[in-house]
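# Coordinates in review
Okay, here's what each chain looks like letter by letter:
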Amino acid sequence: MGKFLTDAQIKQYHDEGFLSPIDVMSEDEAIAYRERFEEAEEKYPEMANPNKRNNAHLSYKCLDELAHHPIILDAVEDVIGPNFSLWASVLFIKEPQTSHYVSWHQDATYMGMNKNDFVTPWIALSPSNLETGCMSMIPGTHKNHIRPHDDTFAEDNILTRGQVVRDVDESQAVDLILRPGQMSLHHAEIIHGSRQNKSQTRRIGFALQSFMSPDIHQVAGKNLWLDIRGDNPRENSMSLHRPEFDLDPIAAADRELADENLADILYRGAKQKRGY
Ligand SMILES: O=C(O)CCC(=O)C(=O)O
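Conventions we followed
Residues numbered from 1 in each chain as written. Predicted model: local features only at pLDDT ≥ 70, side-chain atom pairs only at ≥ 80, totals over all residues. Heavy atoms only, no water. Helix = DSSP H or I, 4+ residues; strand = E, 2+ residues; numbered from the N terminus. Rg over C-alpha atoms; globule rule 2.2 N^0.38 Å. Buried < 20%, exposed > 50% of the residue type's maximum accessible area, 1.4 Å probe, protein only. Contact = heavy atoms within 4.5 Å. Lys, Arg positive; Asp, Glu negative; His and termini not counted. Charge placed at Lys NZ, Arg CZ, Asp CG, Glu CD. Near = heavy atom within 4 Å. Polar contact = N/O pair within 3.5 Å; in protein donor to acceptor, adjacent residues only side chain to side chain. Areas by Shrake-Rupley, 256 points an atom, 1.4 Å probe, with all protein chains shown as cover. 1 Å grid on protein atoms, 1.4 Å probe; cavity = no way out; pocket = protein on both sides within 12 Å on 5 of 7 lines; lining within 4 Å. Sits in = over half its atoms within 2 Å of the grid points. Nonpolar A, V, L, I, M, F, W, Y, C, P; charged D, E, K, R; others polar. Salt bridge = Lys/Arg side-chain N within 4 Å of Asp/Glu carboxyl O. Points joined across faces, edges and corners; volume = space filled by probe spheres on them. Core = buried A, V, L, I, M, F, W, Y, C linked by side-chain atoms within 4.5 Å. Pairing = 2+ DSSP bridges.

For the protein, the count of helices and strands is 5 helices and 15 strands. Computed over C-alpha atoms, the radius of gyration of the protein comes to 17 Å, within 12% of the 19 Å expected from 2.2 N^0.38 for 276 residues, which places it in the range of a compact globule. Based on the C-alpha atoms only, the size of the protein along its principal axes is roughly 45 × 45 × 40 Å. Expressed as a percentage of its 276 residues, the buried residues of the protein come to 56%. Of the contacts formed within the protein by residues at least 6 apart in sequence, a portion of 82% connects residues at least 24 apart. Of note, the protein has its 28 positive side-chain charges centred 4 Å away from the centre of its 43 negative side-chain charges.

Shown next as structure tokens:
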């Protein structure tokens, strides 16, 4: 038994490359987080538009709290051990009845780390299901290393480069259906994607992308981290600040640096660059 996950769940994560659904909080608590986020989003729209979807945990207190939620961290500890930092976060919002989708990909492809054994919790702040465009995963593909990706920059594809793995056996796909307040965990090398939101409601997912143990460090770009749990010594690294309130200028300055660094990493060698 781990701190939060059962042995069977831990095994399932390692065998399949993902685990879902995991109860983090009640639906009411998740709705309260969503309301706090949407109030902040309305008050400071320049900080939460699609081009500012990265590292919003360094701007919004409610997202910083989610990044430190004890159940999420206990589950992370169960799969990667007691020492870890947060590399970045992404708000994956699909507005109602939009054509945005996420092609089959492996997260670690462009992240520029020395190794790829790290985990992303994806927290649902709204229903995430077949109608709203939930994530789907291809079990076991995290064991086959990084496959070639083609950069498509397709307009409706909300990945940075519209990168895609071809020839995925979609008959194996597992849909991760989550109610608000549940999360999934996925491995950095699992092949996954998501379809359009055909519903009348927003689909809001917050990806803590990713939690990494201290033996993992940046080989392309700056080594910037939010220290989360345990000891995380890394050479030539910089620790980021948590916001004490929405748009705390100290954390906001860190976010600017972290966003620029992330873009430099994710778009290195790319033929085009998007706003996020
Ligand atoms: O939110 C989505 O639809 C996709 C998210 C994703 O690809 C990820 O969190 O790695």
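Attention now goes to unusual backbone geometry. Cis peptide bonds are those with omega within 30 degrees of zero, and the linkage from Ser20 to Pro21 qualifies with -5 degrees. Position of Pro21 relative to the elements: it lies in strand S1 (residues 18–23). The linkage connecting Gln209 with the following residue, Ser210, adopts the cis geometry, with an omega of 10 degrees. Looking at the element boundaries, Ser210 is found in the loop between strand S12 (203–208) and strand S13 (211–212).

This part is about the site of the ligand. As a structural note, the neighbourhood of the ligand is formed by 13 residues, with Trp122, His192, Ser194, Arg203 and Gln209 the closest of them. In the environment of the ligand, an oxygen atom lies 3.3 Å from a nitrogen or oxygen atom belonging to the side chain of His105. Between an oxygen atom of the ligand and a side-chain N or O atom of Trp122, the distance comes to 3.0 Å. Burial of the ligand by the protein amounts to 99% of the accessible area it has alone, namely 300 Å². One can see that the ligand is located within the largest cavity. Those elements that provide at least two residues to the shell around the ligand are strand S3 (89–94), strand S4 (102–105), strand S11 (191–194) and S12. By residue class, the composition of the shell around the ligand is 5 nonpolar, 5 polar and 3 charged.

Turning to the pattern of salt bridges, a few remarks are in order. Per the stated rule, a full pass over the model turns up 17 salt bridges. Of the charged contacts in the structure, one is a salt bridge between Arg34 and Glu38, with a shortest N-O distance of 3.3 Å. Taken together, the residues span about one helical turn, with Arg34 and Glu38 both in helix H2 (residues 27–43) at a distance of 4 residues. Given a relative accessible area of 23%, Glu38 falls into the partly exposed group. Between Arg229 and Asp74 there is a salt bridge whose closest N-O contact spans 2.8 Å. Highlighted residues: Arg229 in strand S14 (residues 223–229) and Asp74 in helix H4 (residues 70–80), separated in sequence by 155 residues. Judged by its relative accessible area of 17%, Asp74 is buried. Each member of the salt-bridge network shares a partner with another, and the members are Arg34, Glu38, Glu41, Glu95 and Arg202.

This model, assessed by the stated rule, comprises 2 cavities of 30 Å³ or more. Volume-wise, the largest cavity comes out at about 360 Å³. Lining the largest cavity are 26 residues, and of these Phe92, His105, Asp107, Leu159 and Gln209 lie nearest its centre. Elements represented by at least two residues in the lining of the largest cavity include exactly S3, S4, S11, S12 and helix H5 (249–266). For the lining of the largest cavity, the leading source of residues is S3, giving 3 residues. Residue composition of the lining of the largest cavity, by class: 13 nonpolar, 10 polar and 3 charged. For the second largest cavity, the full set of lining residues is Asn55, Trp87, Ala88, Gln218, Lys222, Leu224, Leu240, Ala258, Asn261, Leu262 and Ile265. In terms of residue count, H5 provides more of the lining of the second largest cavity than any other element does, 4 residues in total.

Judged by nonpolar contacts, the single largest core of 45 residues is most densely connected at Tyr60, Leu63, Leu185 and Phe211. Sorting elements by how many residues they give to this core places H4 first, with 6 residues. Residues within four places of Tyr60 in sequence aside, it is in contact with Phe37, Ala40, Glu41, Tyr44, Met47, Ala48, Pro243, Asp246 and Leu247. Membership of the second largest hydrophobic core comes to 18 residues, among which are Trp122, Ala124, Met137 and Tyr267.

Read from one edge to the other, the open sheet built from 4 strands follows the order S4-S11-S6-S9, with strand pairing classed as antiparallel. Of all the strands in the sheet, just S4 and strand S9 (174–175) have a single pairing partner and so form its edges. With 2 bridges joining them, strand S6 (residues 135–138) and S9 adopt antiparallel strand pairing. Across the sheet, Met137 pairs through a bridge with Val174, a residue of S9.

The values reported here are purely geometric and, on their own, carry no functional implication.
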